[in-house]
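Analysis of the macromolecular model
Listed below are the residues making up each chain.
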Amino acid sequence: MNITILGATGWIGSHIMAQAKANGHYVTAVVRDADKVTDGTAVEEFDLQSQNDIAEVLTNADVVIASIGGRAAGNHELVAQTAKRLLTALSGSSTRLLWVGGAGSLEVAPGVTLVSSPDFPAEYKDEALAQGEALSVFKATNTTTQWTFVSPAAVIYPGASEGPYRIGGDAFFTNEQGESKISVTDYAIAMLDEVQNAAHINQRMSVAY
């Protein structure tokens, strides 16, 4: 497949790019600074804060994967704005959109999100709320674009694959030790599995051990 990755030089985006290439896909990295891509990957330079037509850098993609946090740009509004922008740009095409989401919008009880919990880390709250707004955009937008919002566990950390992961939906879940965690490598593997299996079209899926 031809996979275009927005935010390909970020921490999660770079792991997704590595997995995509390892699976034999042709990858195009869309980044603000093309000089940061030094491994020969095809690259398109695009600033999400610009008003330029984003559709121009998505041409010929079978799948677009967006890893957009907003933290680096100091602009959390960018997250939901980009979701809406991509859904619009891809509407009417056969290109699927997979989104690197957050855990904060997962439900710890019906209608109660993880980010609203009293002990949710304050330093991640703005980003979590921004990802929740993006999820609302996906669920509310009337579009022909096929999308999948992929939420990681509450804790995503550096490291190699640790083996099988579990897939959930909107509900927050933990392992037998009460932990919600996954390595960034296994999150990237789960993302590429979804690229290839297309098992959660127009849904949020969550990934954890």
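Structure: see above.
Since the model is a prediction, treat every value here as computed from it, not as a measurement. (Residues numbered from 1 in each chain as written. Predicted model: local features only at pLDDT ≥ 70, side-chain atom pairs only at ≥ 80, totals over all residues. Heavy atoms only, no water.)

1. As for the sheet that holds strand β10 (residues 166-168)
- Here we have eight strands laid out as an open sheet, ordered β3-β2-β1-β4-β5-β8-β12-β10, and mixed in their pairing. Unpaired on one side and paired on the other, β3 (42-45) and β10 mark the two borders of the sheet. Averaged over all neighbouring strand pairs, the angle between strand axes comes to 25°, with direction disregarded.
- Inspection of the sheet shows β10 paired to strand β12 (residues 203-208) by three bridges, in the antiparallel sense. Considered in β12, the bridge of I167 is made with V207.
- Strand contacts of helix α3 (residues 125-140): β5 (96-100), β8 (147-151) and β12, with the helix running at about 155° to β8, the strand carrying the most contacts.
- In the packing of helix α4 (residues 184-197) onto the sheet, the strands contacted are β1 (2-6), β4 (63-66), β5, β8 and β12, and the crossing angle to β5 comes to about 165°. (Pairing = 2+ DSSP bridges. Helix = DSSP H or I, 4+ residues; strand = E, 2+ residues; numbered from the N terminus. Axes fitted to C-alpha atoms, helices over the stretch in contact; angles between N-to-C directions. Contact = heavy atoms within 4.5 Å.)

2. Observations concerning the environment of E133
- With respect to the helices, strands and loops of the structure, E133 is situated in helix α3.
- Taking C-alpha positions, E133 is 14 Å from R85, a pair spaced 48 residues apart along the chain.

3. Overview of the packing of aromatic side chains
- Counted by the stated rule, this structure contains three aromatic pairs.
- An angle of 65° between the planes, with centres 5.4 Å apart, marks the rings of W99 and F138 as edge-to-face. Separated by 39 residues along the polypeptide, W99 in strand β5 and F138 in helix α3 bring together distant segments of the chain. Each member of the pair, W99 as well as F138, carries the same accessibility label: buried.
- Aromatic pair F138 and W147: ring centres 5.1 Å apart, planes at 40°, arrangement tilted.
- Grouped by ring-pair contacts, the aromatic residues W99, F138, W147 and F149 constitute a single cluster. (Phe/Tyr/Trp six-rings, centres within 6.5 Å; stacked < 30°, edge-to-face > 60°. Buried < 20%, exposed > 50% of the residue type's maximum accessible area, 1.4 Å probe, protein only.)

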